[in-house]
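Geometric and topological summary
Letter by letter, the chains look like this.
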Amino acid sequence: MSAPDTAALVARLRADVEVLPTLFGEETELNAPMVEIVDSVAFRCGRAADALEAQAARITELEQFLIRMGLRPDHLVP
């Protein structure tokens, strides 16, 4: 996955975190279970976005390290 793809996915996950909790509006007795599920999904989207950003940062650091070592990261994978 390229950096623009990663950034787009993170942005989409963060947008979902904002939108999902608003899907059911005010919590009522009838929709309370769905609100709980949607809140859980929103929380997980936020966690996934955080993890994806952290992983992308680690990959970038590794690529920079390899470049400093005189290697070309794009030639390491067949």
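To start, this report covers the structure provided alongside it. Small disclaimer: the values here were computed from a predicted structure and weren't measured. (Residues numbered from 1 in each chain as written. Predicted model: local features only at pLDDT ≥ 70, side-chain atom pairs only at ≥ 80, totals over all residues. Heavy atoms only, no water.)

Moving on: the overall build of the protein. When helices and strands are tallied, the protein shows two helices and zero strands. Considering only residue pairs separated by 6 or more positions, the protein has 53% of its internal contacts joining residues 24 or more positions apart. In the form shown here, the protein has an accessible surface area of approximately 6,200 Å², with 62% of it arising from carbon and sulfur atoms. (Helix = DSSP H or I, 4+ residues; strand = E, 2+ residues; numbered from the N terminus. Contact = heavy atoms within 4.5 Å. Areas by Shrake-Rupley, 256 points an atom, 1.4 Å probe, with all protein chains shown as cover.)

One pass over the full model with this rule turns up three salt bridges. In this structure, D16 and R12 form a salt bridge, with 3.6 Å as the shortest nitrogen-oxygen distance. With D16 and R12 both in helix α1 (residues 3-19) and four residues apart, this pair spans about one turn of that helix. Look at D16 and you get partly exposed, because its relative accessible area is 23%. (Salt bridge = Lys/Arg side-chain N within 4 Å of Asp/Glu carboxyl O. Buried < 20%, exposed > 50% of the residue type's maximum accessible area, 1.4 Å probe, protein only.)

A few words on α1. Helical geometry: 3.6 residues make up each α-helical turn, so side chains three or four residues apart lie on a common side. Counted at 1.5 Å a residue, the expected span for α1 with its 17 residues is 24 Å, and the 24 Å between its end C-alpha atoms agrees. Among all positions in α1, only T6, V10 and L13 are buried. Projected down its long axis, α1 shows its buried positions confined to an angular sector of 60°, all on one face. Facing away from the buried side of α1 by over 90 degrees, the exposed positions are P4, R12 and E18. Contact partners of the buried residues in α1: α2 (32-68). (Expected span 1.5 Å × (residues − 1). Arc of directions from axis to C-beta.)

With that settled, the discussion passes to the nonpolar core. If you look at the biggest cluster of nonpolar residues, it comprises seven residues: V10, L13, L20, V38, A42, C45 and A49. Those elements giving two or more residues to this core turn out to be α1 and α2. With four residues, α2 is the single largest residue contributor to this core. If sequence neighbours within four positions are ignored, A49 has contacts with V10, L13 and R14. (Core = buried A, V, L, I, M, F, W, Y, C linked by side-chain atoms within 4.5 Å.)

It is worth spelling out the packing of α1 against α2 at this point. Interhelical geometry of α1 versus α2 gives an angle of 155° and a closest axis separation of 8 Å. The angle between α1 and α2 falls in the class roughly antiparallel. When the axes of α1 and α2 are compared, the crossing they make is left-handed. Of the residues in α2, those touching α1 at T6, L9, V10, L13, R14, D16 and V17 are A42, C45, G46, A48, A49, D50, L52, E53 and A56. (Axes fitted to C-alpha atoms, helices over the stretch in contact; angles between N-to-C directions. Parallel < 35°, antiparallel > 145°, perpendicular 65-115°, else oblique. Left-handed = near helix turned anticlockwise from the far one by under 90°.)

Side chains of V19, L23, F24, M34, I37 and V41 sit close together on the surface and give an oily, nonpolar patch of about 510 Å² of accessible area. Here the nonpolar patch gets three residues from one element, more than from any other, and that element is α2. Inspection of the secondary structure puts L23 in the loop between α1 and α2. (Patch = residues over 30% accessible without salt bridge, like charges linked within 9 Å, V, L, I, M, F, W, Y side chains within 5 Å.)

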